[in-house]
Structure formats: C-alpha cells, structure tokens
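For reference, the chains in residue letters:
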Amino acid sequence: SLCGTLPERVIGADGFCVGQFCDAGLLLPDEQSPACDELADQLEYAPASVPKIWHLEVGNALLVAERRGRIATRELDRLLASLRNLPIEMDVESPGEILPRQVSIARQCEPSCYDASYVELARRSGLPLATLDLRLRKTCKALKVAVLPQ
C-alpha cells in the first residue's frame, strides 16, 4: 500500500510532497488502493507540493497508460481535467538554485536527478515525501527526510 494507514492529521497543515511513484496511485484506476484513497483524502486538509517536473511526469504516465490500453481517451481527458481541482502547489524555487542540490543528492545517494528533485523539495520544505519507491525511501532515510508511509 502506498501510504499505509494515515491518521487524519498525520500530514499536518503544511502538507506533504507527492513522490513520483505516488501520483499514479492517485490517478490511475488500476493502481488505486485504500492507502491511495487515504492520501487523496489528506488533500482535503493540506496541499501537496511537487517539483516543476511533476506535471510532465504525470502527463507522460497518463499518456503511456492510454497507449497501453489501461485507460480510454475519455478517461485521460477526465483525469487531466480533475488535476486542475487538486490542491497541488508547484515548487517556485529557481531551477538554477535547486539544480546543484539535486545533483548533490543524486551523487550522494544515487537516485536520478528526476528522483532527486522530489527528495530535494521534501528536504528543503521539511515535508514528508509520499512514495513507495525503495530507492527514494532509502535516499530519504539517508538524508533524514520523513516519508509516507512511515
């Protein structure tokens, strides 16, 4: 499960960061689970923060799902429209400021720079990162970044 059992206020008023492998469970019907539903419910209490590449990764994941017949074109269009209603906060930090930190994380812990962008945002913002990806979880542990599920 993506986030385990989340007490109603575990995330706190400041929110959380949505990890790269978490967004599919929030959007794609065949990847949803009770844990993903709980995480989606948390969006009622606090926003989710994402790095600037998030919208491209979500768009690509949805497009690949459509191409592989996992979702119909109509469903893709509905999901894209529903994204506009989610309380997602895009990182506003300058790429020139964060890229050296992302590369440093990637050097130190060996995730890709794409993955390091999620860890860097969670670290900088002091928010937990919602992810099931084992490499990201290991990186977060090494850098003392909280993860969901705990």
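Model, not experiment: these values are computed from the prediction.

Definitions and cut-offs
Residues numbered from 1 in each chain as written. Predicted model: local features only at pLDDT ≥ 70, side-chain atom pairs only at ≥ 80, totals over all residues. Heavy atoms only, no water. Helix = DSSP H or I, 4+ residues; strand = E, 2+ residues; numbered from the N terminus. Buried < 20%, exposed > 50% of the residue type's maximum accessible area, 1.4 Å probe, protein only. Areas by Shrake-Rupley, 256 points an atom, 1.4 Å probe, with all protein chains shown as cover. Salt bridge = Lys/Arg side-chain N within 4 Å of Asp/Glu carboxyl O. Disulfide = S-S within 2.5 Å. Core = buried A, V, L, I, M, F, W, Y, C linked by side-chain atoms within 4.5 Å. Contact = heavy atoms within 4.5 Å. Arc of directions from axis to C-beta. Pairing = 2+ DSSP bridges.

J.: What's the story with the overall build of the chain in this structure? I'm lost.
T.: Check the secondary structure of the chain and you find seven helices and five strands. Reading the secondary structure of the chain in the N-to-C direction produces β-α-α-β-α-α-β-α-α-β-α-β. Within the chain, the fraction of its 150 residues that count as buried is 44%. With an accessible surface of roughly 8200 Å², the chain has 52% of that area assigned to carbon and sulfur atoms.

J.: Sorry if this is basic, but what is going on with the pattern of salt bridges here?
T.: For side chains bearing opposite charge, pairing can occur when the charged atoms are close. Enumeration over the complete set of coordinates arrives at six salt bridges. Between Glu75 and Arg78 there is a salt bridge; the shortest N-O distance is 2.7 Å. With a gap of three residues between them, Glu75 and Arg78 both fall in helix H4 (residues 73–83), about one helical turn apart. Judged by its relative accessible area of 21%, Glu75 falls in the partly exposed class. Judged by its relative accessible area of 45%, Arg78 is partly exposed. When the shortest N-O distance is used, the salt bridge between Glu93 and Arg124 registers 3.7 Å. One end of the pair, Glu93, is in the loop between strand S3 (88–90) and helix H5 (95–109); the other, Arg124, is in helix H6 (residues 113–125), and 31 residues separate them in sequence.

J.: Any chance you could explain the state of the cysteines here in plain terms?
T.: Linking two cysteines covalently through their sulfur atoms gives a disulfide. Applying the stated rule across the entire model yields zero disulfides. Of all cysteine sulfurs in the structure, the one in Cys109 sits closest to Cys140, which takes part in no disulfide; the separation is 8.9 Å.

J.: Where do I start with the nonpolar core in this structure?
T.: The tendency in soluble globular proteins is for nonpolar side chains to be buried side by side. Core analysis: the largest hydrophobic core is formed by 33 residues, its most contacted members being Phe16, Trp54, Leu62, Ile71, Val119 and Leu129. Top contributing element to this core by residue count: H6, with five residues.

J.: I tried to follow the environment of Ser117 on my own but got confused; where do I start?
T.: In this structure, Ser117 sits in helix H6. Through-space distance from the C-alpha of Ser117 to that of Val103 is 8.8 Å; in sequence the pair is 14 residues apart. Sequence-distant contacts of Ser117, defined by excluding residues within four places in its chain, comprise Pro51, Ile53 and Gln102.

J.: Quick question: what am I supposed to make of helix H7 (residues 134–142) here?
T.: In an α-helix, one turn spans 3.6 residues, which is why side chains three or four residues apart end up on the same side. Buried residues of H7: Leu136, Thr139 and Cys140, and no others. One face of H7 carries all of its buried residues, which in axial projection span an arc of 100°. Every exposed residue of H7 that faces more than 90 degrees away from the buried side is listed here: Leu134, Lys138 and Lys141. Looking at the buried residues of H7, the elements they touch are H5, H6, strand S4 (129–130) and strand S5 (147–148). Where H7 ends, the next residue or the one after it, Lys144, has phi of about 60°, a positive value.

J.: What's the story with the sheet that holds S4 in this structure? I'm lost.
T.: Sheets are built from strands paired through backbone hydrogen bonds, the pairs being either parallel or antiparallel. Spatial strand order, S3-S2-S1-S4-S5: five strands in an open sheet with parallel pairing. The open sheet has two free edges, formed respectively by S3 and S5, since each of these has just one partner strand. With two bridges connecting them, strand S1 (residues 16–18) and S4 associate as parallel partners. Pairing of Val18 across the sheet is with Ala130, part of S4.

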